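# Structural characterization, general
So the chains spell out like this:
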Amino acid sequence: MKIATYNVNGVNGRLPVLLRWLDETAPDIVCLQELKAPEEKFPEQALQAAGYSAIWHGQKSWNGVAILARNYEISEVCRELPGDPEDLHSRYIEAVINGIVVGCLYLPNGNPAPGPKFDYKLRWFERLTLHAGALLASGKPTVLTGDYNVMPAELDVYKPERWVDDALFRPEVRAAFKTLAAQGWTDAIRTLYPDEKIYTFWDYFRNAYERDAGLRIDHFLLSPNLSSRLVSAGVDRHVRGWEKTSDHAPVWIELVS
């Protein structure tokens, strides 16, 4: 089974890119972030024509998450992260697919830091950690994937000295990710490639992609009973070089039965 995550940065504007990538790679499950589309504008029919069923939680102009599946039934669990009923951001959706709990997340950016947006990011991280702990306690095979908006280590960022005050790299955020992972989650990419420079995001400015001035902010965290099934993982870096593409590249893992 191949599971992928992709921050599309506007699902309708990038739809030709998304469909091209799906046709080229045919993942079984796909988690999308930053749809930037309200519920009624999600391109369900185009994705169905490509062979994918979908559930989604949209939001006009901002945020938005979705889970796609090919040849599998999607059983939705929830479409918001527990812990704050007043949080209206569409940043989390969860489903069960082929016996696996799939949590698709778009963690807040948090800039400028310090400030209210950074405080919101840390609170969201706390809620995610609480929910993740409950998922682990359930004993169900689980993957938590998406755009975490955090570089866990210096290896995950081009010129880390330039990012020390950024909300994606501040000590508080990296500590929050470490606390989450320490519950028992496996960082799939780092487990298979512990010392390799791997990026998933390249800014549109200053020729970042061409210079390989990137960040690793899209992650797969696997529960222990799923990490034992991990056989491969990677980044479809070339997709970032396509015309009218997202500033993220798709990331994927493969699991054995």
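Starting afresh in each chain, residues are numbered from 1 along the sequence in its written order. Note on the predicted model: pLDDT of at least 70 is required for a residue's local features to be given, and 80 or more for side-chain atom pairs to be given and counted; whole-chain, interface and lining totals, by contrast, use all residues. Values shown for side chains rest on all heavy atoms present in the structure; no hydrogens or waters enter the calculation.

### What to know about helix H3 (residues 116-138)
- The end-to-end C-alpha distance of H3, which contains 23 residues, comes to 33 Å, matching closely the 33 Å that a straight helix rising 1.5 Å per residue would cover.
- By the burial criterion, the buried members of H3 are Phe-118, Tyr-120, Lys-121, Trp-124, Phe-125, Arg-127, Leu-128, Thr-129, His-131, Ala-132 and Leu-135.
- Contacts are residue-level and defined by heavy atoms, with any inter-residue pair within 4.5 Å sufficient. Helix and strand labels come from DSSP, where a helix needs a run of H or I of at least four residues and a strand needs a run of E of at least two; each type is numbered from the N terminus. For H3, the secondary structure elements touched by its buried residues are strand S6 (92-97), strand S7 (100-106), strand S8 (142-147) and helix H4 (171-181).
- The positive-phi residue at the C-terminal boundary of H3 is Gly-139, with phi of around 80 degrees. Expected helix span is taken as 1.5 Å per residue step, with the number of steps being one fewer than the number of residues. Residue burial is assigned from relative accessible area. The probe radius is 1.4 Å, only protein chains are included, and a residue is buried under 20% of its type maximum, exposed over 50%, and partly exposed in between.

### Quick look at unusual backbone geometry
- The linkage connecting Asn-111 with the following residue, Pro-112, adopts the cis geometry, with an omega of 0 degrees.
- Within the element layout of this structure, Pro-112 appears in the loop between S7 and H3.
- Put simply, Ala-113 and Pro-114 share a cis peptide bond, and its omega is -5 degrees.
- Mapping Pro-114 onto the fold places it in the loop between S7 and H3.
- The phi dihedral of Asn-71 falls on the positive side, at around 70 degrees, and the residue is not glycine.
- Here Asn-71 shows up in the loop between strand S4 (65-69) and strand S5 (75-78).
- Phi at Arg-206 takes a positive value of approximately 55 degrees, unusual for a residue other than glycine.
- Its location among the elements puts Arg-206 in the loop between strand S10 (201-202) and helix H6 (208-211).

### Digging into the pattern of salt bridges
- The salt bridge criterion pairs a side-chain nitrogen of Lys or Arg with a carboxyl oxygen of Asp or Glu, the two atoms within 4 Å. Counted by the stated rule, this structure contains 11 salt bridges.
- Taking the shortest distance from any N to any O, the salt bridge between Glu-39 and Arg-79 comes out at 3.6 Å. Remark: Arg-79 occurs in the loop between S5 and S6 and Glu-39 occurs in the loop between strand S2 (29-33) and helix H2 (44-49); sequence separation between them is 40 residues.
- The exposure class assigned to Glu-39 is partly exposed, which follows from its relative accessible area of 32%.
- Look at Arg-79 and you get partly exposed, because its relative accessible area is 28%.
- Between Arg-79 and Glu-76 there is a salt bridge whose closest N-O contact spans 2.9 Å.
- One salt-bridge network, held together by shared partners, links Asp-156, Asp-187, Arg-190 and Arg-216.

### Description of the environment of Asp-28
- Here Asp-28 shows up in the loop between helix H1 (15-25) and S2.
- You can call Asp-28 buried: its relative accessible area is 15%.
- Through-space distance from the C-alpha of Asp-28 to that of Asn-71 is 7.4 Å; in sequence the pair is 43 residues apart.
- Setting aside residues no more than four positions away along its own chain, Asp-28 makes contact with Met-1, Lys-2, Tyr-52, Leu-68, Ala-69, Arg-70 and Tyr-72.
- Any pair of nitrogen or oxygen atoms within 3.5 Å is treated as a polar contact; in protein, a donor-acceptor pairing is required on top of that, and neighbouring residues in sequence qualify only through side-chain atoms on both sides. At a separation of 2.7 Å, a polar atom in the side chain of Asp-28 contacts the main-chain amide nitrogen of Lys-2.

### Quick word on the pairing of strand S14 (residues 251-255)
- Burial of S14 is extensive: 4 of the 5 residues sit out of reach of the surface.
- Here, strands pair whenever DSSP counts at least two bridges between them. Here strand S1 (residues 2-7) pairs with S14 via 4 bridges, running antiparallel. By the bridge assignment for S14, Thr-5 is matched with Val-251.
- Bridge count between strand S13 (residues 230-235) and S14: 5 bridges; the pairing is antiparallel. Paired with Gly-234 across the two strands is Trp-252, which belongs to S14.

### Here we look at the sheet that holds S6
- Across the sheet, 6 strands lie side by side as S5-S6-S7-S8-S12-S9; this open sheet has mixed pairing. Each edge of the open sheet carries a strand with a single partner, namely S5 and strand S9 (186-187).
- Bridge analysis of S6 against S7 gives 6 bridges, and the strand direction is antiparallel. Each residue of the ladder has a partner; that of Ile-93, found in S7, is Cys-104.
- Lines fitted to the C-alpha atoms define the axes, with helices restricted to the stretch that makes contact. Angles between their N-to-C directions range from 0 to 180 degrees. Against the sheet, H3 engages S6, S7 and S8, with an angle of about 15 degrees to S6.

### Some thoughts on empty space enclosed by the protein
- In this analysis the probe radius is 1.4 Å and the grid spacing 1 Å, with only protein atoms considered; a cavity is a set of points the probe fits into but cannot get out of, a pocket is an open set with protein on both sides within 12 Å along at least five of seven lines, and lining residues have an atom within 4 Å of a point. Grid points are joined across faces, edges and corners, and a volume is the space filled by probe spheres set on the points. A full pass over the atoms with the stated rule returns 1 cavity of 30 Å³ or more.
- Taken as a whole, the largest cavity spans an internal volume of roughly 50 Å³.
- Its residues assigned to classes, the lining of the largest cavity shows 3 nonpolar, 1 polar and 6 charged. Polarity classes work like this: nonpolar for Ala, Val, Leu, Ile, Met, Phe, Trp, Tyr, Cys and Pro, charged for Asp, Glu, Lys and Arg, and polar for all others, with Gly in that last group.

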